[in-house]
Amino acid sequence: MKVIVLAGITPSTFFAHVSLATALRDAGHQVMVTAAADDVVPAITAAGLAAVPVLPPGLTRERVTAETGLFPPPPDALERERWAGGLFAAIESRPLEALVEFGESWRPDIVIGGMLAYGAPLLAARLDVPYVRQAWDIHDPELFDAGAESQLREQLERLGLTGLPEPDLLIEVEPPSLRQPGGRPGQMMRWIPGNAQCRLEPWMYTKGAATRVGITVGTAVADYDQYDFVQGIVENVAALDVETAVAVPGEAVPTLRERMDGTGVHLGWIPLDVLAPTCDVLVHQSGGSTMMTALSFGVPQVLLPDAGQFRQVDMARRLVEAGAALTLSHEQATTEAIAEKCQEIISDPGYAAAAAGLAAEIAALPLPSEVVRRIEGLVRRASA
């Protein structure tokens, strides 16, 4: 079986596909992961998968995003979610002809796309092969889909479609107790984190006797000049008499290490699937992959969602309601307030118990290898 995976436009969205793509390959199937921007290629290859660039060299996701002409975003959070769906659709459909050309030459048996990889259903329709849609996190993409459908109206009409094609198989990863009433039925799959790996040092996978707080603010620390913010979090959390470990991209390490010299903080590029199991609390900006990775290891979280991103706010709310997290808006998220939330979680074992319960739910879901058999059956039926 030959499989094309459209894994999104950032490393974080690609990482959600690593476990299933690897399971497919380990079952003897050929897997190609397409990259809609040059800077996603290293993440794909670092995870041991084949990367196929489908746009001219040198096109970063920032440049591709800027060239859509869809800026600025609307201020209302719900309208912004629809706008974001249109933005993803514009980005993902831009390389469609190159994708079709690749697909016609390589002839896949099936196309797998991430939740916002809107090029995947179009590619599958053009190639007349089954389409699998894979969730990246616990958020319902209904508003994204509405914006994407509007953006892609002309392309859908050329394919004789009145809307986005329904997937032949929908893969969901959220713990069952977090599923919302009336949610779409899908094939459940256990979340297994995927990351670009590195040479490990002992502090990355072990911790001392003290409580450990893990901190990550994403991959764009330097781009958004968040050095002061990260430094402030570390200094205030360190006052709680805990061990701190900060996961930042390599280019941010020298500046932060110089700023925090003598604080005793552990700092560096740490694969999140290595760091998370060592943490008693994880502080982060509510990214879906980070959230799911922490959940899979039963780690309670302090979440810092962007109020302008309904997706982040919605996911954070649901984890707070489940008792596995606390949240602070960007306006509330002073470094002192973040430290206070960490202390609250450390002092109340109920947060760890709730997170452990969600981790047990995730662990009980079907493994990616079991989902591979569903995909194999889908392809057999389609070719019969």
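Use the structure listed above.
These numbers come from a predicted model, not from an experiment.

**Q** Mind laying out the layout of surface pockets, listing which residues take part and the relevant values?
**A** Computed from the structure, the second largest pocket encloses a volume of approximately 290 Å³. Those elements that place two or more of their residues in the lining of the second largest pocket are α8 (142–151) and α15 (310–321). Counted by class, the lining of the second largest pocket contains 6 nonpolar, 4 polar and 10 charged residues.

**Q** Quick one: what's the story with the pairing of strand β8 (residues 212–215), residue by residue and with numbers?
**A** Here β8 shows two buried faces, one formed by Arg212 and Gly214 and the other by Val213 and Ile215. Two elements, β8 and strand β9 (residues 243–247), share 4 bridges in a ladder whose sense is parallel. In the sheet register, valine 213 faces β9, and the bridge partner there is threonine 244. Pairing geometry for β8 and strand β11 (residues 281–284), over 3 bridges, is parallel. Of the residues in β11, the one forming a bridge with valine 213 is valine 281.

**Q** Can you tell me about unusual backbone geometry, naming the residues and giving the values?
**A** Between phenylalanine 71 and proline 72 the backbone carries a cis peptide bond, its omega angle lying at 0 degrees. The backbone of arginine 107 sits at a positive phi, close to 55 degrees, despite the residue not being glycine. Its location among the elements puts arginine 107 in the loop between α6 (96–106) and β4 (110–114). At aspartate 128, a position not held by glycine, the phi torsion is positive, near 55 degrees. Topologically, aspartate 128 is positioned in the loop between α7 (119–127) and β5 (131–134).

**Q** Can you lay out the environment of isoleucine 345 for me, pointing to particular residues and giving the numbers?
**A** Locating isoleucine 345 in the fold gives a position in helix α16 (residues 335–347). A C-alpha to C-alpha distance of 8.2 Å links isoleucine 345 and glutamine 301, two positions 44 residues apart in sequence. Discounting chain neighbours no more than four positions away, the residues touching isoleucine 345 are Val281, Pro300, Gln301, Val302, Leu326 and Tyr351.

**Q** Break down the sheet that holds β9 for me, with residues and values.
**A** Working definition: the strands of a sheet are paired by backbone hydrogen bonds and lie parallel or antiparallel to each other. One open sheet holds the 6 strands; their spatial order is β10-β9-β8-β11-β12-β13, and the pairing between them is parallel. For this open sheet the edge positions go to β10 (266–268) and β13 (325–327), each flanked by a neighbour on one side alone. Neighbour-to-neighbour, the strand axes of the sheet open up by a mean angle of 15 degrees, direction not taken into account. Sheet strands in contact with α15 are β12 (301–303) and β13, and its direction is about 135 degrees off that of β13.

**Q** Could you give me a rundown of α6, with the residues and numbers involved?
**A** Those residues of α6 lying buried are Leu96, Leu99, Val100, Phe102, Gly103 and Trp106. Across the axial projection of α6, the buried residues extend over an arc of 165 degrees, all falling on one side. Those residues of α6 that are exposed and aimed more than 90 degrees away from the buried face are Glu97, Glu101 and Ser105. Among the structural elements, β1 (2–6), β2 (30–35), β3 (50–53), α5 (77–93), α7 and α9 (153–158) are those in contact with the buried residues of α6. Positive backbone phi, at 55 degrees, marks arginine 107, one or two positions downstream of α6.

**Q** Describe α5, and please don't skip the residues or the numbers.
**A** If you check α5, its first and last C-alpha atoms are 24 Å apart, about what 17 residues at 1.5 Å a residue would give, namely 24 Å. Most of α5 sits out of view: 12 of its 17 residues are buried. When α5 is considered as a whole, its buried residues turn out to be Glu81, Trp83, Ala84, Gly85, Gly86, Leu87, Phe88, Ala89, Ala90, Ile91, Glu92 and Ser93.

**Q** Would you mind going over the sheet that holds strand β6 (residues 169–172) in detail, with residue names and values included?
**A** With respect to topology, 7 strands assemble into an open sheet ordered β3-β2-β1-β4-β5-β6-β7, the strand pairing being parallel. Each of the sheet's edge strands pairs with one partner strand only, and the pair in question is β3 and β7 (187–188). Pairing analysis gives 5 bridges linking β1 to β2, with the strands arranged parallel. The residue bridging isoleucine 4 from the neighbouring strand is methionine 32, located in β2. Against the sheet, α7 contacts β1, β4 and β5, and its axis sits at roughly 165 degrees relative to β4.

**Q** Describe the side chain of threonine 244, with residues and values.
**A** Structurally, threonine 244 can be placed in strand β9. With sequence-adjacent residues up to four places away left out, threonine 244 is seen in contact with Val213, Val234, Val237, Ala238, Val265 and His266.

**Q** Requested: an account of the pattern of salt bridges, with residues and values cited.
**A** With the rule as written, the count across this model stands at 15 salt bridges. The partner of arginine 25 in a salt bridge is aspartate 26, with the nearest N and O atoms 3.9 Å apart. Its relative accessible area of 59% is what places aspartate 26 among the exposed residues. Residue arginine 82 is joined to glutamate 79 by a salt bridge in which the shortest nitrogen-to-oxygen separation is 2.7 Å. You can see arginine 82 and its partner glutamate 79 sitting in helix α5, 3 residues apart, about one turn around the helix. Put simply, Glu174, Arg179, Asp314, Arg317, Arg318 and Glu321 are held in one network by salt bridges that share partners.

Here is what the cut-offs are and how they apply
- All chains use their own residue numbering, which begins from 1 and follows the written sequence.
- Only residues with pLDDT of at least 70 are given local features in this predicted model, and only at 80 or more are side-chain atom pairs given and counted; all residues enter the totals for whole chains, interfaces and linings.
- Note that the side-chain values use all heavy atoms of the structure and ignore hydrogens as well as water.
- Grid spacing is 1 Å over the protein atoms alone, the probe is 1.4 Å, and a cavity is where that probe fits but cannot get out, while a pocket is an open set with protein on both sides within 12 Å along at least five of seven lines and lining residues have an atom within 4 Å of a point.
- Grid points are joined across faces, edges and corners, and a volume is the space filled by probe spheres set on the points.
- Under the DSSP-based scheme used, a helix requires at least four consecutive residues in state H or I and a strand at least two consecutive residues in state E, with every element numbered from the N terminus.
- Side-chain classes are defined by residue name, with Ala, Val, Leu, Ile, Met, Phe, Trp, Tyr, Cys and Pro counting as nonpolar, Asp, Glu, Lys and Arg as charged, and the others, Gly among them, as polar.
- The buried label applies to any residue whose accessible area, calculated with a 1.4 Å probe on protein chains only, is under 20% of its type's maximum; exposed applies above 50%, and partly exposed to all values in between.
- For two strands to be treated as a pair, DSSP must find at least two bridges joining them.
- Pairs of residues are marked as contacts when any of their non-hydrogen atoms sit within 4.5 Å.
- Orientation is described by lines fitted to C-alpha atoms, with helices fitted over the stretch in contact, and by angles between N-to-C directions that extend from 0 to 180 degrees.
- For this quantity, the arc is that covered by the directions from the helix axis to the C-beta atoms.
- Under the convention used throughout, the expected extent of a helix is 1.5 Å for every residue step, that is, one less than its residue count.
- In what follows, salt bridge is the name for a side-chain nitrogen of Lys or Arg lying within 4 Å of a carboxyl oxygen of Asp or Glu.

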